[in-house]
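Structural description and commentary
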Amino acid sequence: MKVLKFGGSSVGTPDRIRGIVDILKDYSGRGDRFTVVFSAFGGVTDSLINMSGLAAKGDESYYEHFLAFSKRHLDAARNLLQEPYLGEVLEGLENNHEVLKNLLYGIFLVREASTRTMDYVISFGERNSAFIIAHALQQAGLNAAYLDARKIILTDKNFGNAKVDLALTYEKIKSLYSQTNVIQIVTGFIAAAKGGLTTTLGRGGSDYTAALIAAGLDADLLEIWTDVDGVLTADPRRVKKAFSIPVMTYAEAMEMSHFGAKVIYPPTIQPVLAKKIPMWIKNTFNPSHPGTLVSDKEDESRTPVKGISSIGNISLLTLQGSGLFGVPGIAARLFGSLASAGINVILITQGSSEHSISFAIQPDKAIKARKQVEKEFEYEIQSGLVDSVRMEAELSVVAIIGEHMRYLPGISGRLFQALGQNGINVVAIAQGSSELNISVVINRADESKALNALHEAFFLSDTSVVNLFMVGVGLIGGTLLKQIKAQADFLKKEHSLEVKVVGLANSKKMLFNDNGIDLDNWRENLSESVEVMKIDNYVEKMKSMNLSSSIFVDNTANEKIAEHYDEILDASISISTPNKIATSSAYAQYLKLKKTAKKRGILFLYETNVGAGLPVISTLNDLIISGDQILKIEAVLSGSLSFIFNTFKPGVSFSAIVEEAQRLGFTEPDPRVDLNGIDVRRKLIILARETGLPLEADNVQIQAVLPDACRNAPTVEEFFSELKQADFYFNKLVEAASVAGKVLRMVASLENGVASIGLQSVDASHPFYQLSGSDNMIVFTSERYKDRPLVVRGPGAGAEVTAAGIFSEIIRIGNYLN
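Quick caveat, the model's predicted, so the values are computed rather than measured.

Attention shifts here to the sheet that holds strand E9 (residues 247-249). Strands sit in the order E3-E5-E2-E1-E8-E10-E11-E9 across an open sheet of eight strands; the sheet is mixed. If you trace the sheet from one side to the other, it starts and ends with strand E3 (144-147) and E9, each paired once. With direction set aside, neighbouring strand axes in the sheet form an average angle of 20°. Judged from the three bridges that link them, E9 and strand E11 (residues 292-295) form a sheet pairing that is parallel.

We now examine the sheet that holds strand E16 (residues 426-431). In space, the six strands of this open sheet follow the order E13-E14-E12-E15-E17-E16, with antiparallel pairing throughout. Each of the sheet's edge strands pairs with one partner strand only, and the pair in question is strand E13 (347-350) and E16. Recorded for the sheet is a direction-independent mean angle of 30° between the axes of neighbouring strands. Relative to strand E14 (residues 356-361), strand E12 (residues 307-320) is paired through six bridges, and the arrangement is antiparallel. Each bridged residue has a counterpart across the sheet, and for Leu 319 the counterpart in E14 is Ile 357. Most of the contacts of helix H14 (residues 447-458) go to E12, to which it runs at about 125°, and overall it touches E12, strand E15 (390-401) and strand E17 (437-443).

This part takes up the pattern of salt bridges. With the rule as written, the count across this model stands at 36 salt bridges. Residues Arg 18 and Asp 15 are paired through a salt bridge, measuring 2.8 Å at the closest nitrogen-oxygen approach. Placement of the pair is Arg 18 and Asp 15 together in helix H1 (residues 14-29), with a separation of three residues, close to one helical turn. Taking the shortest distance from any N to any O, the salt bridge between Lys 275 and Asp 218 comes out at 3.1 Å. You can see Lys 275 sitting in the loop between helix H9 (266-274) and strand E10 (279-283) and its partner Asp 218 sitting in the loop between helix H7 (205-217) and strand E8 (221-226), a full 57 residues away along the chain. For Lys 275, a relative accessible area of 32% puts it in the partly exposed group. According to the relative accessible area criterion, Asp 218 is partly exposed, its value standing at 45%. In the salt-bridge network here, residues are joined through shared partners; they are Lys 2, Arg 30 and Asp 32.

By secondary structure assignment, the location of Arg 150 is in the loop between E3 and strand E4 (154-155). In this structure the side chain of Arg 150 is engaged in a polar contact, spanning 2.6 Å, whose partner is the side chain of Asp 148. Here Thr 198 takes part through its side chain, which lies 2.8 Å from a polar atom of the side chain of Arg 150. Residue contacts for Arg 150: discarding those within four places in its chain leaves Tyr 120, Arg 127, Ile 190, Ala 191, Ala 192 and Thr 198.

Under the 1.5 Å per step criterion, the end-to-end length of helix H29 (residues 727-739) is 18 Å for 13 residues, consistent within 8% with the ideal 18 Å. All buried positions along H29 are accounted for by Asp 727, Phe 730, Val 734 and Ala 737. Buried residues in H29, looked at end-on, bunch into an arc of 100°, giving them a common side. In H29, those exposed residues whose orientation departs by more than 90 degrees from the buried face are Phe 728 and Val 739. Check the buried side of H29 and you find it contacts helix H24 (654-663), helix H28 (716-725), strand E26 (742-751) and strand E27 (754-763). Phi turns positive, to about 75°, at Gly 741, one or two residues after H29.

The interhelical angle for the contact between helix H15 (residues 475-495) and helix H30 (residues 799-817), taken along N-to-C directions, is 50°, at an axis separation of 9 Å. The orientation of H15 with respect to H30, classified from their angle, is oblique. Where H15 crosses over H30, the two elements pack in a sense that is right-handed. When H15 is examined against H30, the residues Leu 475, Ile 476, Thr 479, Leu 480, Lys 482, Gln 483, Ile 484, Gln 487 and Leu 491 are found in contact with a partner set consisting of Ala 799, Glu 800, Thr 802, Ala 803, Ala 804, Ile 806, Phe 807, Ile 810 and Ile 811. Class assignment for the residues of the contact of H15 with H30 results in 12 nonpolar, four polar and two charged.

Turning our eyes to something else, we now look at the pairing of strand E2 (residues 34-38). With five of five residues buried, E2 lies mostly within the body of the structure. Here strand E1 (residues 2-6) pairs with E2 via five bridges, running parallel. Among the inter-strand pairings, Val 3 is bridged to a residue of E2, identified as Thr 35. As a crossover connection, the stretch from E1 through H1 into E2 is right-handed. Bridge count for E2 against strand E5 (residues 183-187) is three bridges, and the pairing is parallel. Within the sheet, the bridge partner assigned to Val 36 lies in E5 and is Ile 185.

With that settled, consider H15. In the structure, H15 departs most strongly from a straight axis at Gln 487, where the bend amounts to approximately 50°. Looking at H15, one finds that the buried residues are Gly 477, Gly 478, Thr 479, Leu 480, Leu 481, Gln 483, Ile 484 and Leu 491. Note on H15: the residue one or two positions beyond its end, Ser 496, has a positive phi of about 50°.

In this structure, Tyr 538, Phe 552, Ile 644 and Phe 645 are the most contacted members of the largest nonpolar core, which totals 78 residues. Among the elements that make up this core, the one with the highest residue count is helix H26 (residues 678-690) (six residues). The residues contacting Phe 645, other than those within four sequence positions of it, are Phe 654, Val 705, Leu 744, Arg 745, Met 746 and Leu 759. Counting 51 residues, the second-largest nonpolar core is a separate cluster that includes Phe 6, Ile 17, Ile 23 and Phe 38.

Cut-off values and rules
- Residues numbered from 1 in each chain as written.
- Predicted model: local features only at pLDDT ≥ 70, side-chain atom pairs only at ≥ 80, totals over all residues.
- Heavy atoms only, no water.
- Pairing = 2+ DSSP bridges.
- Helix = DSSP H or I, 4+ residues; strand = E, 2+ residues; numbered from the N terminus.
- Axes fitted to C-alpha atoms, helices over the stretch in contact; angles between N-to-C directions.
- Contact = heavy atoms within 4.5 Å.
- Salt bridge = Lys/Arg side-chain N within 4 Å of Asp/Glu carboxyl O.
- Buried < 20%, exposed > 50% of the residue type's maximum accessible area, 1.4 Å probe, protein only.
- Polar contact = N/O pair within 3.5 Å; in protein donor to acceptor, adjacent residues only side chain to side chain.
- Expected span 1.5 Å × (residues − 1).
- Arc of directions from axis to C-beta.
- Parallel < 35°, antiparallel > 145°, perpendicular 65-115°, else oblique.
- Left-handed = near helix turned anticlockwise from the far one by under 90°.
- Nonpolar A, V, L, I, M, F, W, Y, C, P; charged D, E, K, R; others polar.
- Right-handed = clockwise from strand over helix to strand, strands pointing away.
- Bend = angle between axes of the 7 residues up to and from the residue.
- Core = buried A, V, L, I, M, F, W, Y, C linked by side-chain atoms within 4.5 Å.

Pasting the structure below:
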């Protein structure tokens, strides 16, 4: 014998009921023996409660709700049934509706709806539903009959949440089912007290009805049919990549349901657990899906963590003080006082010092609980032995659950690492000695972020996700988005990493989508966005989205954006940027950013500040971390200056080369920005700081390359005019170098704590002699690389290589966070 139960969402429309009829026809065709429990149509119970409440307030609009209720069921019958079944059902429904109408009118007259009356009102939902569906099954050729559960499930008179008399109920169930082979179509949720009074079984009551019948019949299997594919690893509304758990134990299912899993409710499990009856959670709308099997058998795969669940809004109360230490009976008094007030405790935690006890409860009971506890410990509080009860609100409990966590060291470490790297503070921790679950109390605002972070940490077979926020979508940013799109499939397949772009901005507009921005149409979507770009608003939106594994990419050279780096890092959002302003401005600010990133356990990466996509900063850091000592750094750090001086030879006009560099886009519109060495100075400062030197801009000596007349020219046009006049000066320099077998290079140098930038002549023995095009070259002389310095050479500018360098950092951050 199998017992099946279908919930309200499964029977919400006539089409859905037809789907159930098809499912049950398959069962019957296979020769299965079964009985079925049905909930009320989706939303009907709430509608009955609402109309009763209106009637109790004297609001005549209750009658409109009653008419809608009546019409919905009559319409469903007409849609599903034909004669002679239709006539029989319509007559039964009309009788039910007449009784309900009179009952509601009575409530309206006396202005009161007691829990006893409400149980009777609510019963009409299940009674109508099961009555209609029983006849639909008869019409489909199944030997089915309607069964009012009040005939077989007996309870006390605790209306609204009645306690079942198990012995008598099981006796009634066995007696009825032993006398018939007809498929019984049973009303869920409702029962009867002595004297025939209607009662209800509380939350999850229809599931409980099915479990009671399964236990009473010693059934082979209980099937709970709902609207999801079994029990999922997490709430799919919060964690998009949650997936079905094929097998779990009763204990795991109990824990999952206690911590907010909506598919099952703890009392449902108790009757089948007592008799070790397996329970299968299935999806009405996807009947071919295997769903989740819950039994006393452990999963052969021995997966340590089965699921991640949460309780979304709790208050945490703490009783603390020196008067608790070593005093027997404190816990008994504390929790006894709460029990006497009918307050349920969700979570308890106590340190081994016995200095404090914290407990979580529902927020609406928090004030009552605090008063109750302070009353119990009034003497200790007045004596100063115990502090007044501390109450914290707007919190959530998140739990990881699994039978096999006890066998695998490091589970707690992984949990706290995942939370810490995403800036989620843990307020309290609880773990039972069975190690079946580890629970943490966190800020409510971080609940979704924590669920996603933990899901990625513990279900590594699934793709890890990084959420990317990007400012600056011009040449570099646009190229980066193109690279991300092109590599998406490779990263998922080979590295189990998904880069999801969730925020974009240019100088005018900003665009956000926590499900990911379409990279095929990002330009159009950004252009059509109604959100005006303001960096303050962008950062606030990024923080409020509170997504796990978030990365901010700044592709601009904007000082205002760089000013927000500390705030972004402090929100536990990693940064990758080619913007040199933050790392080359005041040393104190540079240090602060590094410390904030370290404190939050995230990454602040800026490899592309120096040498674009070249591994300059990482190479330098690797040398230092491995114990090498940097003696000297020499570098050609400007692609534009490299092109100019690599091209400049005797017989060639210097001004013509600068004009050509400007035309090709190698220099800024005003080439003096490059020739004055300001950009090179920023890069040299960054390299110096990476070696540990607290270098500031005014510590760098810059040898002027341009004559005064060129530097002081009021316009770019006049600058070029003056530069042509200076060709003779530059020709003398290059000819003198050529005669000596040397070439001119604009070199940044750091040695013995002295930083300088200037034009130098180098011979063929120097690495810079072989430079060509717009390449950068950085030469590290160290204790290990003293005789033959370590050389890094390659393109130091360009959208493709810069974007590739940022992309590499995004992947590095993603791997670090996940």
